[in-house]
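Fold and geometry: a report
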Amino acid sequence: MKKLILFVFLFSLTFVNIEAQVKYETFESSKLGETRQIKIQLPPRGYDSNNDKSYPIFIVLDGDYLFEAVAGNVDYYSYWEDMPESIVVGVNQMDTRYDDCLYSEQNSLPVETGAAFFEFIGQELVPYIEKTFRTVNFRVAVGHGLTANLINYYLLKPQPLFQGYIAVSPELAPPGMLDYIPEGLSKAESKIFYYLANTDNDGSSIKKMTNTLNTDIAALDNKNLVYNFDSFEGPSHYSVPTHAIPNAIEKMFHVFQPISKKEYKETILELQISPVLYLQEKYESINQLFGIDKKILINDFKAISAAIEKNELYEYYEDLGKLARKAYPETLLGTYYMARFYEETGEPKKAMRTYQSAYTLKEIAGVTKDEMLEKANLIKEDFGY
């Protein structure tokens, strides 16, 4: 069902409003000694109205055909808060991709026009985007075939330009890239998200090299590496990006997503630590990884509250209440959790008074003033206050 909704969403973008959201620019490059056409999609639901908000960057090579696929998926997943809203930049390479991806047959590294294009991205395009638009320090590179090989060169720097890599059916440069990529990932000193994909309809060389690369990366032991691999059955080499890109986004931004039923059942209910601490660490990770101070979702408060109730860990309601009051100070949420804490830890009078304070606050997440006052009255009747 989710795939169907995504298809309809992307189909509508193609014919309705995608052009209104995209800026087309001609970029004069001193590194290349020529102009390049780029496409820029800014977040459509708030970039112009919220000047305090900044965004991750997606740099999409093969922008002639990959840009729309990435831009549509980014818009779709950010709409549902499964990833942060992001700036998507596409680089058109229809007539230049082979020259842009030129590498040495001796050491597999960029040479001549390939080296110039590599420097154009890192020394001109990314600095221009960061100077012109509001960005955070989280960048994702996307490539397919030859360009999926090229994005890996940024991994070989001591401080990689990109924190996320989406490499779809890469045509890896022999003989060295099969060694360079695992070596670069093994040395990562900060968090790197790496997604690799191929299809059974890729050429035999691509399939062999990507399968070998997957084996080598999967064997790495580096806590800073978040790695995922998909091997698709059925898509052609040219259609596989439409399958890979949504999977890559879902996996790369897993921690950003609302707590799911699976996470609730398999992780939160089985925690050996405070579920409130788990929630705090989840949002601290979002801030550290993506540079975004994300407000805790109501959905996530409700998930932690449900776990507290199910496991009868009522002492954690106090911390949850304090957290909710900070996040939603004008609402009933924090007050409700504090009242539950008092009620279940032997302080009924405090619980009653806390419930009674509901009339000054706004209703939220299914918690109503009537419910709060009813709970206060029940305590009053039970204890004769």
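Reading the values: rules and limits
Residues numbered from 1 in each chain as written. Predicted model: local features only at pLDDT ≥ 70, side-chain atom pairs only at ≥ 80, totals over all residues. Heavy atoms only, no water. Buried < 20%, exposed > 50% of the residue type's maximum accessible area, 1.4 Å probe, protein only. Helix = DSSP H or I, 4+ residues; strand = E, 2+ residues; numbered from the N terminus. Pairing = 2+ DSSP bridges. Right-handed = clockwise from strand over helix to strand, strands pointing away. Domains from an automatic or database assignment. Contact = heavy atoms within 4.5 Å. Buried area = accessible area lost by both parts, 1.4 Å probe. Polar contact = N/O pair within 3.5 Å; in protein donor to acceptor, adjacent residues only side chain to side chain. Arc of directions from axis to C-beta. pLDDT = per-residue confidence, 0-100. Salt bridge = Lys/Arg side-chain N within 4 Å of Asp/Glu carboxyl O. Core = buried A, V, L, I, M, F, W, Y, C linked by side-chain atoms within 4.5 Å. Phe/Tyr/Trp six-rings, centres within 6.5 Å; stacked < 30°, edge-to-face > 60°.

1. A closer look at the pairing of strand β6 (residues 164-168)
In terms of burial, β6 is largely enclosed, as five of its five residues are buried. Neither face of β6 is left uncovered, since the one carrying Gly 164, Ile 166 and Val 168 and the one carrying Tyr 165 and Ala 167 both have all their residues buried. Relative to β6, strand β5 (residues 135-144) runs parallel, the two being bridged by five bridges. Counterpart to Val 140 in the pairing with β6 is Gly 164. With respect to chirality, the unit in which β6 leads through helix α7 (residues 177-186) into the neighbouring parallel strand β7 (residues 192-199) is right-handed.

2. Focus on the domain arrangement of the protein
Domain annotation of the protein identifies domain 1 (23-256) and domain 2 (261-383). A C-alpha centroid distance of 40 Å is found between domain 1 and domain 2. Contacts between the two partners involve twelve residues from domain 1 and, on the opposite side, nine residues from domain 2. For the domain 1 and domain 2 pair, buried surface summed over both sides reaches about 960 Å², with 74% attributable to carbon and sulfur atoms. Run the count over domain 1 and domain 2 and you get two residue pairs in polar contact (both at pLDDT 80 or more).

3. Regarding α7
Along α7, the residues classified as buried are Met 177, Leu 178, Ile 181, Pro 182, Gly 184 and Leu 185. Axial view of α7: buried residues confined to an arc of 160 degrees, hence all on one face. Residues of α7 that are buried sit in contact with α6 (146-150), β7, α8 (204-218) and β8 (225-232).

4. With respect to the confidence of the model for the protein
Predicted confidence across the protein gives a mean pLDDT of 93, with 95% of residues reaching 70 or more. With pLDDT under 50 throughout, residues 11-20 is counted as low confidence; its partners more than four residues away or in other chains account for six contacts.

5. Notes on the pattern of salt bridges
Enumeration according to the criterion identifies 16 salt bridges in this entry. A salt bridge links Lys 350 to Glu 347; the shortest N-O distance between them is 3.4 Å. Of the residues examined, Glu 347 reaches a relative accessible area of 30% and is grouped as partly exposed. Connected through salt bridges with shared partners, the residues Glu 309, Arg 340, Glu 343 and Glu 344 form a single ionic network.

6. Focus: the nonpolar core
Core analysis: the biggest nonpolar cluster contains 75 residues, and Phe 58, Ile 166, Phe 253, Leu 279, Phe 290, Phe 301 and Leu 320 have the highest contact counts within it. Residues lining this core come from more than one domain, with at least three contributed by each of domain 1 (23-256) and domain 2 (261-383). Those residues in contact with Leu 279 that sit more than four places away from it in its chain are Ile 259, Ile 296, Asp 300, Phe 301, Ile 304, Leu 320 and Leu 323. If you look at the next biggest cluster of nonpolar residues, it comprises 50 residues, including Ile 40, Tyr 47, Val 91 and Ala 167.

7. Here we look at unusual backbone geometry
For the peptide bond that leads from Pro 174 to Pro 175, omega is 0 degrees, which places it in the cis range. Inspection of the secondary structure assignment puts Pro 175 in the loop between β6 and α7. Despite not being glycine, Ser 108 has its phi angle at roughly 70 degrees, a positive value. With respect to the helices and strands, the residue Ser 108 is situated in the loop between α4 (97-100) and α5 (113-132). The exposure class assigned to Ser 108 is buried, which follows from its relative accessible area of 0%. Located in the positive-phi region is Ser 169, a residue other than glycine, with phi close to 45 degrees. In this structure, Ser 169 sits in the loop between β6 and α7.

8. Details of the environment of Thr 113
The topology assignment puts Thr 113 in helix α5. Thr 113 sits in the partly exposed class, given a relative accessible area of 34%. Measuring from C-alpha to C-alpha, the distance between Thr 113 and Ser 190 comes to 30 Å, with 77 residues separating the pair along the chain. Apart from the residues within four sequence positions on either side, Thr 113 is in contact with Asp 99, Asp 100 and Leu 102.

9. Points about the packing of aromatic side chains
Under the definition given, this model contains 25 aromatic pairs. Considering the side-chain rings of Tyr 47 and Phe 133, the 6.3 Å spacing of their centres and the 70 degrees angle between planes classify their relative orientation as edge-to-face. Here Tyr 47, found in the loop between β2 (34-41) and β3 (55-60), pairs with Phe 133, found in the loop between α5 and β5; they are 86 residues apart in sequence, far enough to count as distant. With relative accessibility at 8%, the residue Phe 133 sits in the buried group. Their ring planes at 40 degrees and their centres at 5.2 Å tell us that Phe 253 and Phe 290 sit as a pair that is tilted. Here Phe 253 is found in the loop between α9 (240-252) and α10 (261-266), whereas its partner Phe 290 is found in helix α11 (residues 275-290), with 37 residues between them in sequence.

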